[in-house]
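These are the residues of each chain, in order.
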Amino acid sequence: GRLLLWLLPFVLRAQSSEEVRPSSTSCQQSPTKVSCKGAGLHKFPKELGQGVKSLELSNNFIQNLSGSSMPGFGQLEYLDMCFNQLEAVSATTLAQLPQLRSLLLGSNHLDHNYLANGQALHLLRNIEVLDLSANNLESHMAGWYISNLSRLEVLDLSGNMITQLLAGMFRSSPRLRQLDLSNNHIMEIEEGALEALEELEVVNLALNSLHCLSGFSLRQLRVLNLSHNALELFFWEEGVELYLLQVLDLSHNRLLSFPELPKAHYLTHLNLSNNLIASLLPGSHHPGGFVLPYEEMLRFNRTWHTTAGLTRVADLDLSKNLLELFPFPFFHSLGSLHNLSLAGNCLQAVAGGMEPGSPSTALSLRSLHLQDNAIRVLPGWFFSSLPQLEAVDLGSNSLQPCGSQGRDPGGNSGEGFHGATPEGTCTPFSTIPGLKQLSLSQNNITRLQPYAFNQTPLLSLDLSGNKHLVMSKEALGGLETSLQKLSLRGNQMDASKAELPCLKTLKVLDLSGNNLSLLPSGLLCSPLESLDIRNNNLLRLESPEFLSWSHSLKDMSISGNPFSCCSLAWLD
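Residues numbered from 1 in each chain as written. Predicted model: local features only at pLDDT ≥ 70, side-chain atom pairs only at ≥ 80, totals over all residues. Heavy atoms only, no water.

It is not clear to me how unusual backbone geometry should be interpreted in this structure. Could you clarify?
For residues besides glycine, phi is generally negative; the peptide bonds are generally trans as well. The phi angle at N136 is positive, at roughly 60°, despite the residue not being glycine. Along the chain, the position of N136 falls in the loop between β8 (129-131) and α4 (139-145). Here H468, not a glycine, exhibits a phi torsion of approximately 65°, which is positive. Here H468 lies in the loop between β27 (460-462) and β28 (470-471). (Helix = DSSP H or I, 4+ residues; strand = E, 2+ residues; numbered from the N terminus.)

Right, dumping it as structure tokens:
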């Protein structure tokens, strides 16, 4: 008797694992949808309730999609069987799914029995969405599975073992709009593999082994992802017919130069990050190809035709390449460019400027990323040529901000630069009327000159990572009525080096990672909402500050301070 009682749970468990219809305990049901995701099923259900159009069976242990008579399956439109152990697909079963539009079979073992399985899939005449990802399919297997699906619009073949796209591979699916071939081992695309797909709009070929694409002619494409390949060359097929491509991702390749682009296209987003581009001159492949004298840059300003096709580009990412100069002339014809990243290059200087504010040279940039370079100074005309600039990241360079004449106690306003850093070795950040966000983190700034940001209405300023930074009360003069967010994190400043003016709009302040024993007195008039003072030398916090913040402060980080247990009244 005790043996039977001991065996009873195992018997019950075995019975439940053989359950072949969705049970209310393991599945979620609605009038039109049944979800048995992760329900521990080992077999395909035998029947469905009336009116169910969607069935989710992912994350189970089903090995065979089979069944003879399956009441209620005739109305099924969506079937998800991803992440099972599927090896066999029954033609008898699929023949009973005439309304099926979407079939998701990703992450199974459909490389087994692929001939019989493919024959079964050919019965799905109305299928529009098919997921065969992560099934260890080779090129010929994938081609066989889709060889008779004439209504297919969305196909996912990612994460397989495909090494080449064969000519005519997708010929029987002329309605295909979206094709995902990422994370395979594709080294070759035969001529005629994709050309017949006149409705194709989105192609993902990321994470493959492509070395060269020449004569690219898919004019109807809207989105093309070729990132994480080994591309050294990318050439388009020219002609009078317009390219509809809007998004092109060529990041994480081995491109040596800016790719030649067709004259007629709608390209708005271009990602060329993480390549080996040392020059923005077309046809220049050697790393030193862009180190040109100033006069030569002006001449190329008239002859560069690479930019002729970039007039619609709004987002351009050239980060993590090998560029040594910021080439202003290259960007002059990019009238729609709003976001530009040149972060993580080898930039040391800016070249190619004209008269400040000249309409022909002003760029339309709103966001500029120049962090992680070796820039020592930006010329005086730089920000004048960027009248619409709102945000710039100059972190991890070697820039020293200039000082400027602020408003003296008598109300008189001065002009020009002054302070210990002479003009020519410093960068002026004053009088930039549109700039709202500025990062100067990790620039080895040791002293911030008075009124460094005067008449520049910054909302956010990052000065973190500038060790032993010294700031007088006048350093942030001019930001009293605009600055909302300030970071002085990790500067190892003591109380005598961190003086702040009365910042009447400051809401977020990061003072962590310093040597402060007292908070700056100027904070009394700031309506702080977030304050980070971690890892300082604070023994106590004074009551006046907290009385002024009692109605505004929402979050505060204080760990890593040697607070005195006898002086904690401020916590009240």
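Is there a simple way to explain the packing of aromatic side chains in this structure?
Each aromatic ring pair is described using two quantities: the centre-to-centre distance and the angle formed by the ring planes. All chains considered together, the criterion is met by 13 aromatic pairs. Geometrically, the ring pair formed by F326 and F382 is edge-to-face, given 5.7 Å between the ring centres and 85° between the ring planes. With F326 in strand β20 (residues 325-327) and F382 in the loop between β23 (367-369) and β24 (391-393), this pair connects stretches of sequence that are 56 residues apart. Assigned by exposure class, F326 and F382 land together as buried. (Phe/Tyr/Trp six-rings, centres within 6.5 Å; stacked < 30°, edge-to-face > 60°. Buried < 20%, exposed > 50% of the residue type's maximum accessible area, 1.4 Å probe, protein only.)

I keep staring at the environment of F429 and nothing clicks. Help me out?
Structurally, the position occupied by F429 is in the loop between β24 and β25 (437-439). Sequence separation of F429 and Q400 is 29 residues, and the distance between their C-alpha atoms is 9.9 Å. Contacts of F429, omitting those with residues within four sequence positions, involve F383, L394, P401, L438, L440, A452, F453 and T456. (Contact = heavy atoms within 4.5 Å.)

So what exactly am I meant to see when it comes to the nonpolar core here?
It is characteristic of soluble globular proteins that their nonpolar side chains tend to be buried jointly. In terms of nonpolar packing, the biggest core is built from 142 residues, with L79, F170, L316, F331 and F453 touching the most fellow members. Listed by contribution, the elements that provide at least two residues to this core are α3 (114-121), α4, β14 (212-216), β16 (233-236), α6 (328-331) and α7 (543-549). (Core = buried A, V, L, I, M, F, W, Y, C linked by side-chain atoms within 4.5 Å.)

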